[in-house]
Amino acid sequence: MADWLFEKDEYIPKEDKVKFIDKSILGFLNILSLIKRKASLSNGYVYSLNPVIKLGFTILIIIFLSLSRSFLFVWTVNVYLFLLLSSLNGEEIKDILKVSLIVPIFTIIILIPSILMGNKLNSLLMLSKIIGTIIAINMISYTTRWTHLTKALKLMCIPDVFILVFDITLKYIYILGEFSLEMLYALKLRSVGSNNNKYGSITGVIGGLFLKSKDMAEEMYSAMECRGFSGEYSSNIKFKFTFKDFMYCLLNTFIIGLYFYIGRM
Amino acid sequence: MIEIKNLNFKYKTNVALKDVSLKIREGESVALIGPNGSGKSTFLKLINGIVFGNSGSYIFDGEEITEKRLQDNRVSKLFHKRIGFVFQNSDAQLFCPNVYEEVAFGPRQMGMDDGEVDKRVRDCLKLLDIEKLKDREPYNLSGGEKRKVAIASVLSLNPEVLVLDEPMNGIDPKGKRFLRELILRLNKSGKTIICSTHDFEYVKGIFKRVVVFSEEHTILRDDAYDSVIGDEEFLIKHNIK
């Protein structure tokens, strides 16, 4: 064994910027936690609704929200959405509200020229619609499992193969995300000095990721073939229709009905 | 060298480590055993400063390691240089275009001149008996070869503490015997070894001390290697053997 392995190094690291790796790590962690948070859902009202119904009505509400030109209707829907939102868990309410604040701020910035030209009312209407849409979308994403959402797509007449692709995509975003996170950790642990070629190391990580994903794709294809996959896939859905769902349907039908009374002006 | 006091760690709401206290002296060789999901890997990540406890403290060589402290670039680099981590998944650890570059990554970062880097790399390759793989791409290697390259790339930093996460996983018997000898030699050369493992047959004689993690994420027993491994009843009861 070499002598230097027996001795301790006298080493003092030089100053270097490593924010780059740290930021990438945080970014990955964030995306992963978005997918992972579906592991446990609470038993609240919105959580236990039938995903098919939830998805269907969310889409309808968003369509009618964007069609409407009436402040009264838009804000009735918004109030209704806020009410539903308030029945979620505290943490999630906080997260959703944060997003629904940030996005409208960007909208305002984009709309500034139009507001200055005197288009105040329309801009306000647009802003209100965006708030509603963001809350509706986030609510469904926070309260429904990904797997249930992709299954619910089946009822929207989306072919099974697409659903399969969605499922696999989600799974691999997660697996590859976790893998790249591990690679970034490894890079960080060995980045003990100054590295002028940071992007070079990151290309290494991306390259490794690509090769890994290629291997995994090939492996999965063989595994599917071995289990008799021949290009057809049928996804089964079994969701119950409960009293809660019935109430939800009623409420949403009422809201959509309102559109025809007050929303069309 | 390493001192952990009443440490707790949670992943969101999942408890991964519960009130863990442990002291590891310089030059020791410690095995971590326990069932799947008992918190061994989390513990290793914690020792390496990848994750940080929610409460309790971790002291490395007299200095407390906290997230805030490791935000100081120099502190964090010196810390990572002194403690090397061999990941369970070698693929994740290899990101350079060829084996030589992989092993040279650490020494080059430390600002050594080319001659010295070359010496270190060659010594490491020789130590792990992978000199002939020098110009190969890491992703084209076999599982055992990848593990060896990963170990070489960590050793080239000459860390004082070597942390290995299931090093024997997926390695053939010859490779396992080789790793066993290597770990023994490294320990004799004065390195502190911390290693999580499921494989008792091939690690016999390496470790003097065993720390057993329980399914409840606590430390169940911290004892001499022979006395724990000899206690068949205990091992079976706690889902280790």
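Everything numeric in this text was worked out from a predicted model, so none of it was measured. (Residues numbered from 1 in each chain as written. Chains lettered and ligands numbered in written order. Predicted model: local features only at pLDDT ≥ 70, side-chain atom pairs only at ≥ 80, totals over all residues.)

K.L.:
Help me understand helix α7 (residues 143–155) of chain B, please; the structure alone is not making it clear to me.
P.N.:
Owing to its 3.6 residues per turn, the α-helix aligns residues three or four sequence positions apart on the same side. Residue and element names in this part refer to chain B. For α7, with 13 residues, the first-to-last C-alpha span of 18 Å sits near the 18 Å given by 1.5 Å per residue. Taking burial as the measure, the 13 residues of α7 include ten buried ones, the bulk of the element. For α7, the set of buried residues is Lys-146, Arg-147, Lys-148, Val-149, Ala-150, Ile-151, Ala-152, Ser-153, Val-154 and Leu-155. On its buried side, α7 packs onto β6 (83–86), α4 (90–93), α5 (99–109) and α6 (114–127). (Helix = DSSP H or I, 4+ residues; strand = E, 2+ residues; numbered from the N terminus. Expected span 1.5 Å × (residues − 1). Buried ≥ 20, exposed ≤ 12 C-beta atoms within 10 Å, placed from the backbone. Contact = placed C-beta atoms within 7 Å.)

K.L.:
Quick question: what am I supposed to make of the domain arrangement of chain A here?
P.N.:
Along its sequence, chain A is organised into domain 1 (49–144 + 240–265) and domain 2 (158–234). Computed from C-alpha coordinates alone, the two centres of domain 1 of chain A and domain 2 of chain A are separated by 35 Å. (Domains from an automatic or database assignment.)

K.L.:
Hey, could you run me through the interface of chain A and chain B in this one?
P.N.:
Size of an interface: often given as the accessible area lost when the parts come together. Taken together, the contacts link 32 residues of chain A with 32 residues of chain B. Among the secondary structure elements, those contributing two or more residues to the side of chain A that touches chain B are α7 (160–190) and α8 (198–226) of chain A. Take the side of chain A that touches chain B: its biggest share by element is eight residues, from α7(A). Taken together, the residues of the side of chain A that touches chain B break down into 17 nonpolar, seven polar and eight charged. (Nonpolar A, V, L, I, M, F, W, Y, C, P; charged D, E, K, R; others polar.)

K.L.:
Help me understand the sheet that holds strand β10 (residues 219–224) of chain B, please; the structure alone is not making it clear to me.
P.N.:
Sheet strands pair via backbone hydrogen bonds, and the direction of the pair is either parallel or antiparallel. Residue and element names in this part refer to chain B. Overall, mixed pairing links the six strands, which are arranged β6-β7-β8-β3-β9-β10 in an open sheet. Lying at the two open borders of the sheet, with one neighbouring strand each, are β6 and β10. The mean inter-strand angle of the sheet, taken between neighbouring strand axes irrespective of direction, is 15°. Of the pairings in the sheet, the one linking β6 to strand β7 (residues 161–165) comprises four bridges and is parallel in character. Of the residues in β7, the one forming a bridge with Val-86 is Leu-164. (Pairing = 2+ DSSP bridges. Axes fitted to C-alpha atoms, helices over the stretch in contact; angles between N-to-C directions.)

K.L.:
What am I meant to see in the sheet that holds strand β4 (residues 55–60) of chain B here?
P.N.:
All names here are of chain B. The antiparallel open sheet is built from four strands, whose spatial order is β2-β1-β4-β5. At either end of the open sheet lies a strand with only one pairing partner, and these are β2 (14–24) and β5 (63–64). Pairing of strand β1 (residues 2–11) with β4, which is carried by five bridges, proceeds in the antiparallel orientation. From the neighbouring strand, Lys-5 faces β4, where its bridge partner is Ser-57. The sheet strands contacting helix α1 (residues 40–47) are β1, β2 and β4, and the helix crosses β2 at an angle near 60°.

K.L.:
Sorry if this is basic, but what is going on with the pairing of β10(B) here?
P.N.:
Where a strand is regular, its side chains alternate between the two sheet faces. In this sheet, β10(B) lies alongside strand β9 (residues 209–213) of chain B in antiparallel orientation, the contact comprising five bridges. Across the sheet, residue B:Arg209 finds its bridge partner in β10(B), namely B:Ala224.

K.L.:
Help me out: how do you make sense of the pairing of β9(B) in this one?
P.N.:
Residues and elements named next belong to chain B. Along β9, four of the five residues are buried, which leaves the element largely enclosed by surrounding structure. Note: strand β3 (residues 29–33) against β9, four bridges, orientation parallel. Bridging across to β9, Ile-33 finds its partner in Val-212. In this antiparallel pair of consecutive strands, β9 and β10, the connection spans five residues, and His-217 shows a positive phi of 70°.

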